[in-house]
Amino acid sequence: MAASVEELEQRLAVLRAGLRESRRAGDSTASARIRKELREVEADWEAALDEEESRQGAPAAVPPTTEAGQRSVGRPGHGAVPVREQVYQSLTILGAPASPKLISSVYEAFFSEPLVATKLASLRRDEERSFAVQGYSRPYYICAAINHDRLTAARGLLAASVWSLEQRLITPLSSRTDFLLHAIGTAEQVQRLNGAGHPPSEAAWRLLRRFALTIPGAHSESSRPDPDRVLSAARAEAAVHQDEGNQERIDAARRAREQLSDVQLLFGARELHNALRSGGGVL
């Protein structure tokens, strides 16, 4: 008998815990094996969730991002969606830490419901409290981008827990590299919608145009930017920056895994003044 959604979520939690341990131990063979199994179980989770919701007459949710970086096509008119799910769907498209304002713009561009950015103010704190109680019982959490130097939460940026720690680290180069990833994700989503026979909204075209305007070679005089052109230009520039911050990310990630608890790896170490005020240490 096929496993239930709950059983698969428990399996995902076990695998993610095992992946953390193998990374800490530097066991690349075990990490690769667990990552492969994670992708397989995530696929099973998506199928089980779709089947469960079809039985209930509810529309299927956008599935979680796998470590292979797959993203889903937005479907208009799918009914009310919790704020955390709206944020996750936007982050899945963007592929890198983002501000509430950008997350809101992306959701409104690709989905039928509005996402009010002010609703995101307490979301990360709520997610942290939930993780502290439930651990990895959920398939994903809305968590923090992490400053590479102090390992604290980067102010004003949200991320997805299914991303690697390296993907969530903020370095001096992140402002540009993450912008390029956002542009790539947006262009890919526009392509998927076109390919699926769902013309993107005018808001989606405006969003893509804003990205194209600041990427050399991406902009054209046409009222609607060419997604292929945006992708080509953004990927070309991203390749230039790719290796520049890698060692910084690797070093910071290793230090974080040595010093931080599971909660802090997702939500960041406490700021120094908060730690001193509560009588605790920094890390």
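Right, let's walk through the structure included here. All residue numbers here refer to positions counted from 1 along the written sequence of the relevant chain. Restriction of local features to residues with pLDDT of at least 70 applies here, the model being predicted, together with a cutoff of 80 or more for giving and counting side-chain atom pairs; totals for whole chains, interfaces and linings are based on all residues. Think of the side-chain values as coming from all heavy atoms in the structure, minus any hydrogens and water.

## Brief notes about the packing of aromatic side chains
As a reminder of what qualifies: In this scheme Phe, Tyr and Trp rings, the latter by its six-membered ring, pair at centre separations within 6.5 Å, and the angle between planes marks the pair as stacked below 30 degrees, edge-to-face above 60, and tilted otherwise. Buried, partly exposed and exposed residues are distinguished by accessible area as a fraction of the type maximum, computed with a 1.4 Å probe on protein chains only: under 20%, between the cut-offs, and over 50%, respectively.
Counted under the stated rule, the structure contains six aromatic pairs. Where F131 meets Y136, the ring centres are 4.9 Å apart and the plane angle is 90°; that geometry is what we call edge-to-face. Accessibility expressed as a relative area gives 16% for Y136, which makes it buried. On the basis of an interplanar angle of 90° and a centroid distance of 5.3 Å, the ring pair of F131 and Y141 is categorised as edge-to-face.

## Overview of the pairing of strand β2 (residues 153–160)
Defined as follows: Two strands are counted as paired when DSSP detects at least two bridges linking them. Runs of H or I in DSSP of at least four residues are treated as helices and runs of E of at least two as strands, each being numbered from the N terminus.
Where strand β1 (residues 142–147) lies against β2, four bridges are found, and the strand directions are antiparallel. Each residue of the ladder has a partner; that of I146, found in β2, is A153. Connecting β1 to the next strand, β2, in antiparallel fashion are five residues, including L151 with a positive phi near 65°.

## What to know about the side chain of S174
Short version of the rule: Whenever a nitrogen or oxygen atom comes within 3.5 Å of another N or O atom, the pair is scored as a polar contact, on the condition that within protein one atom can donate a hydrogen and the other can accept it, and that pairs from neighbouring residues in sequence are kept only if both atoms are in side chains. Contacts are residue-level and defined by heavy atoms, with any inter-residue pair within 4.5 Å sufficient.
Inspection of the secondary structure assignment puts S174 in helix α7 (residues 174–195). A relative accessible area of 2% places S174 in the buried class. Within the local environment of S174, its side chain forms a polar contact with the backbone nitrogen of T171, the two atoms lying 2.8 Å apart. Leave out the neighbours within four places in its chain, and S174 touches L169, F179 and R249.

## A closer look at the nonpolar core
In plain terms, the rule: Side-chain atoms within 4.5 Å are what join buried Ala, Val, Leu, Ile, Met, Phe, Trp, Tyr and Cys residues into a set we call a nonpolar core.
Core analysis: the largest hydrophobic core is formed by 49 residues, its most contacted members being V87, L91, I103, F110 and I142. Listed in part, the twelve residues of the second largest apolar core include A144, I146, A153 and L260.

## Structural notes on helix α9 (residues 227–241)
A turn of α-helix holds 3.6 residues, and therefore any two residues three or four places apart point the same way. Note the cut-off: In this scheme, a helix's expected span is set at 1.5 Å multiplied by one less than its residue total.
Given a rise of 1.5 Å per residue, 15 residues ought to cover 21 Å, and the 21 Å separating the end C-alpha atoms of α9 matches this to within 8%. All buried positions along α9 are accounted for by P227, V230, L231, A233, A234, E237 and H241. Looking at the packing, one finds that the buried side of α9 touches α7 and α8 (202–213). Its side-chain oxygen 3.0 Å from the backbone nitrogen of D228, D226 forms the N-cap of α9.

## Some details on unusual backbone geometry
Despite not being glycine, L151 has its phi angle at roughly 65°, a positive value. Along the polypeptide, L151 turns up in the loop between β1 and β2.

## Quick word on the environment of A117
Here A117 shows up in the loop between α4 (100–110) and α5 (123–134). Note on A117: relative accessible area 29%, which makes it partly exposed. For the pair A117 and V83, spaced 34 residues apart in the sequence, the C-alpha separation amounts to 9.8 Å. Ignoring any residue separated from it by four or fewer positions in sequence, one finds A117 in contact with P100, K101 and S104.

## Some thoughts on the pairing of β1
Here β1 lies mainly inside the structure; five of its six residues are buried. Here β1 runs beside strand β3 (residues 169–170); their pairing, made up of two bridges, is parallel. When the sheet's bridge partners are listed, N147 is paired in β3 with I170.

## Regarding the packing of α7 against α8
How we decide: In this analysis, axes come from line fits to C-alpha atoms, helices being fitted only over the stretch in contact, and the angle between any two N-to-C directions falls in the range 0 to 180 degrees. Handedness of each helix crossing follows the sense of rotation of the near helix against the far helix: counterclockwise by less than a right angle gives left-handed, clockwise gives right-handed. When residue character is reported, Ala, Val, Leu, Ile, Met, Phe, Trp, Tyr, Cys and Pro are called nonpolar, Asp, Glu, Lys and Arg charged, and the others, Gly included, polar.
Interhelical geometry of α7 versus α8 gives an angle of 145° and a closest axis separation of 10 Å. By crossing handedness, the relation of α7 to α8 is classed as left-handed. From α7, F179, H182, A183, T186, A187, V190 and N194 reach across to α8, where they touch W205, L207, L208 and F211. Of the residues that constitute the contact of α7 with α8, the class distribution is eight nonpolar, three polar and no charged.

Purely geometric numbers; function is a separate question.
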